[in-house]
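# Reading the structure
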Amino acid sequence: MKMNKLFTLLVVSVLITSCNRDKENTYTIPETYQFSDKMGNNTVSFSGQTTRFNQLSEITTYMKTANTPGVSLSETQLLEMYSNNSGLGSTYFSVMAGAAGKQLREKTARNEPLIIGRFDERFKNIATISATTQTGVYGAQLGSPGVLQSGTSAYLVNDKGAEYTQLIEKGLMGAVFYDQIQNFYLGADKMNLDNSTSVDATGGLYYTAMEHSWDEAFGYFTEVIDYPTSGTDRFWGKYSNLVDPILQTNSKIMLAFRTGRAAISNKDYSTRDNQINIIRGELERVAAGAAIHYLNQSIIQFTDDALRSHYMSETAGFIETLYFTNTSTAIISGTSLDNMLLKLKDNTGAYNFYEITLQEIVALRDDIATAMGWSDIKLDL
Amino acid sequence: MRNFLIVSLLFLSVGCEKTKITNNDRFASDQQEMLTHLGENLILPSLLDLESKTASLSTQANAFSSELTIENLALLKESWRLAYIQWQVTAFYQFGPALYEGFISLNIYPANTLLIQDYITSGTYDLKTAGATLAKGFPALDYMLFGYSATESELLVALSGNQNAVDYIKNLCANIHETVSLVANGWKSDQGNYVSTFSNNLGTSSGGGISLMVNSWSQYMEAHLRNAKVGTPNGNSVVTSERFGPFPEKSEAYYNSSITLDLLKTSLQTLYNFYMGIAPDGTDGKGLYDYLKIINAQNGTLADDYAARIRSAQTETDQLNPLFTDAIINQGTEVTDVFNELKALVALLKVDMVSALSISITYADNDGD
């Protein structure tokens, strides 16, 4: 009898925490990321993040033109796009991306020169190797940069099979978007801002400074308020959706963003802090899950130079991303990441996707899966 | 006990996830029977056969390298032929241990002869690296034994003055045997025991036994059977009905093209046996054919349609000249007929069968970036 009571209690508490979480609080959590003040004014704003999404999309589209042999890229243009002409606005961008004041370069790893230098070099390198390709020639091999082809796919790679387009795109998804969420907007400084007065009610800015920080974090995850109904076509919204069938990250991330935002508006900071931990943790799961996905693809396509290089380059970008997980929640530490990346590099320290063995790729896949506790689902990713 | 029941019912009725009975659960024992039969009676015995043939290959290579004679060369060539044919019998099973030991890399062609010559000249290479794919396995041996010199006696002369080249032949054979052994060991019940892992890996998730098997099968059908063996050398386009080519130098076993058609025929017969569940010893157990019947795929028609399609691909292949390089030059239309049958088999497999089995294709990542 005692046992049964205990069991009933257990079941009931599970129900409350798993299904009716919002009823624990006195405020409502909306179905989409839509919030307004008591007067009904919209308080959500993250247009600057969407502008940077557009910048990275347009840079990536430009880089991919060089996947056609004979097309060369301009280093000047790439570097100007990276900094949006030092923030002044670049005419290489469309109006959706070129707004002055927004740039990717200064947001890279919170303006850390070493990481920025790494991307500057990748931009210079892709321009250099693109100039060596000749129309109709798919001639890349170990020791010679060029375009690799597989079926209807073609990728520009360096002399060791690394695809700068992926290292740059996935790299900046990590060093800018992911880092800004993990370490900047959800960090202590941005979460200690004022939360009692509108930033500029007369100017139409009805949100508090803290609410706005939260929105900006959200805007680096997705540009739509109804994710994943839409917004699954690029960046973290896309890769969360990729791993979602196995890891259910879409709903967890969205619920945490909506709950945290409602908590802030209701000054419920312990709930907000719990959501910060959830968001950080789920984003790490997305990046690690995507890395495993592309390692699985690399294993399957090991004998295809073009596809292996492409998937390994995506993998490298996602592993580099994991360095930016907030250290307070990170499951995979920086030291482990150093060791993992060694498997992708040759003895000069460069990524080398020709000299890599299948065993090294499998071992790396298994290392990540073990660290994340995913040994039983690693084949599903 | 009664209270416990009530509580359980309550839990079920108000829980977030509705429980539903899926085909997986209904056909679990049929799945297990099929996977067990395929693993124990088809895959493992085929691999053991291959393992013993690659052991002979490696032994013959050692004998040849210590005594470069016409007789030893003939024995080496014959052991290469037997192992190459048996490799076709195991080639449909590119999942599990085969995936992780790089089994497919033993037969990617055409071989890169410049790369092979570089490796021989420098003497430094690692056949396990990704970059060595086109310089190893059966195609590299095809080149070394049949294409390196114009005649057998010239080959013996060339090799007798070039220890690096002799070592290369030996290393190719050792690498083939090592790779095959690792795969076979992975399946053996007293070693990796994948034979048990496989037969108990039920369900239709992408990591489940059926999905892994059908995905590897489909990928092999598409990239290797349809394209590499037939479409690419014959110059058939997958996208249009145009024909570019022929490209004899891209065919399998190009330097000894008298066996090319045998390799293709073996592959098609293996496809049939695997699909029907017919073991090398003739035992006819539960295969995908039977499973599709059980789940009543496309009202029971899919199972027979697919079997009939394989048979017509075989019939078309029987029309070809024995020398495949001759066939693609003089019988391009007939080879295209074979290609079209294979194309239809791939389409039926990738669309109809995959959907009937409630799985999805996971080897083609179509995210467009």
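Residues numbered from 1 in each chain as written. Chains lettered and ligands numbered in written order. Predicted model: local features only at pLDDT ≥ 70, side-chain atom pairs only at ≥ 80, totals over all residues.

Our focus in this paragraph is the overall build of chain A. Within chain A one finds 13 helices and 2 strands. Whereas a compact globule of 381 residues would reach a radius of gyration of roughly 21 Å, chain A reaches 22 Å, a difference of no more than 12%. Its C-alpha atoms give chain A principal-axis dimensions of roughly 70 × 60 × 35 Å. Within chain A, the proportion of its 381 residues that are buried is 49%. (Helix = DSSP H or I, 4+ residues; strand = E, 2+ residues; numbered from the N terminus. Rg over C-alpha atoms; globule rule 2.2 N^0.38 Å. Buried ≥ 20, exposed ≤ 12 C-beta atoms within 10 Å, placed from the backbone.)

Attention now moves to the confidence of the model for chain A. Confidence in the prediction of chain A, expressed as mean pLDDT, is 93, and 93% of residues score 70 or more. Confidence drops under a pLDDT of 50 for residues 1-23 of chain A, and excluding neighbours within four residues, the segment shows 14 contacts in the predicted structure. (pLDDT = per-residue confidence, 0-100. Contact = placed C-beta atoms within 7 Å.)

With that settled, the discussion passes to the packing of helix H8 (residues 235-247) of chain A against helix H10 (residues 269-300) of chain A. Residues and elements named next belong to chain A. Where H8 meets H10, the closest approach of the two axes is 9 Å, and the angle between their N-to-C directions is 80°. Between H8 and H10, the interaxial angle falls into the category roughly perpendicular. Of H10, the residues touching H8 (which contributes Trp236, Tyr239, Ser240, Leu242, Val243, Ile246 and Leu247) are Leu283, Arg285, Val286, Gly289, Ala290 and His293. Of the residues assigned to the contact of H8 with H10, the class counts are 9 nonpolar, 3 polar and 1 charged. (Axes fitted to C-alpha atoms, helices over the stretch in contact; angles between N-to-C directions. Parallel < 35°, antiparallel > 145°, perpendicular 65-115°, else oblique. Nonpolar A, V, L, I, M, F, W, Y, C, P; charged D, E, K, R; others polar.)

Residues and elements named next belong to chain A. Where strand S1 (residues 146-150) and strand S2 (residues 153-157) come together, 5 bridges link them in antiparallel fashion. Counterpart to Val147 in the pairing with S2 is Leu156. From the end of S1 to the start of S2, which pair antiparallel, there are 2 residues, and Gly151 there has a positive phi angle of about 60°. (Pairing = 2+ DSSP bridges.)

All names here are of chain B. On domain assignment, one finds that chain B holds domain 1 (26-193) and domain 2 (199-356). Domain 1 and domain 2 are separated by 22 Å when their C-alpha centres are compared. For the side of domain 1 that touches domain 2, the secondary-structure elements that each account for two or more residues are helix H3 (28-66), helix H4 (70-90) and helix H7 (137-147). Among the elements that take part in the side of domain 1 that touches domain 2, H3 stands out by supplying 15 residues, more than any other. Class assignment of the residues belonging to the side of domain 1 that touches domain 2 gives a composition of 18 nonpolar, 11 polar and 4 charged. (Domains from an automatic or database assignment.)

Quick look at the nonpolar core now. Nonpolar side chains in soluble globular proteins generally cluster together in the buried interior. Of all hydrophobic cores here, the largest spans 203 residues; its most connected members are Ile181, Trp236, Ala287, Ala290 and Ala291 of chain A together with Met144 of chain B. Looking at this core element by element, the count peaks at 12 residues for H10 of chain A. In this structure, this core is formed jointly by two domains, domain 1 (26-193) and domain 2 (199-356) of chain B, each of which donates at least three residues. Other than its neighbours up to four places away in sequence, Trp236 of chain A contacts Met173, Phe177, Tyr178, Phe221, Leu283 and Val286 of chain A. (Core = buried A, V, L, I, M, F, W, Y, C linked by C-beta atoms within 7 Å.)

We now examine unusual backbone geometry. Tyr227 of chain A connects to Pro228 of chain A through a cis peptide bond whose omega is 5°. Here Pro228 of chain A lies in the loop between helix H7 (209-221) and H8. Pro110 of chain B follows Tyr109 of chain B through a cis peptide bond whose omega is 0°. Relative to the helices and strands, Pro110 of chain B resides in the loop between helix H5 (97-101) and helix H6 (113-122). One non-glycine residue with positive phi stands out, namely Ser86 of chain A, at about 55°. For Ser86 of chain A, the position within the fold is in the loop between helix H3 (75-82) and helix H4 (113-130). C-beta crowding within 10 Å serves as the criterion here: with 12 such atoms nearby, Ser86 of chain A is assigned to the exposed category. Residue Asn299 of chain B is not a glycine yet carries a positive backbone phi of 55°. Checked against the element boundaries, Asn299 of chain B lands in the loop between helix H13 (288-294) and helix H14 (302-318).

Let us now look at H6 of chain B. Residue and element names in this part refer to chain B. Burial in H6 covers these residues: Ile116, Tyr119 and Ile120. Down the axis of H6, the buried side of the element spans an arc of 100°, and every buried residue falls inside it. Turned more than 90 degrees from where H6 packs its buried face, Leu114, Thr121 and Ser122 sit exposed. Gly123, located one to two residues past H6, shows a positive phi value of around 75°. (Arc of directions from axis to C-beta.)

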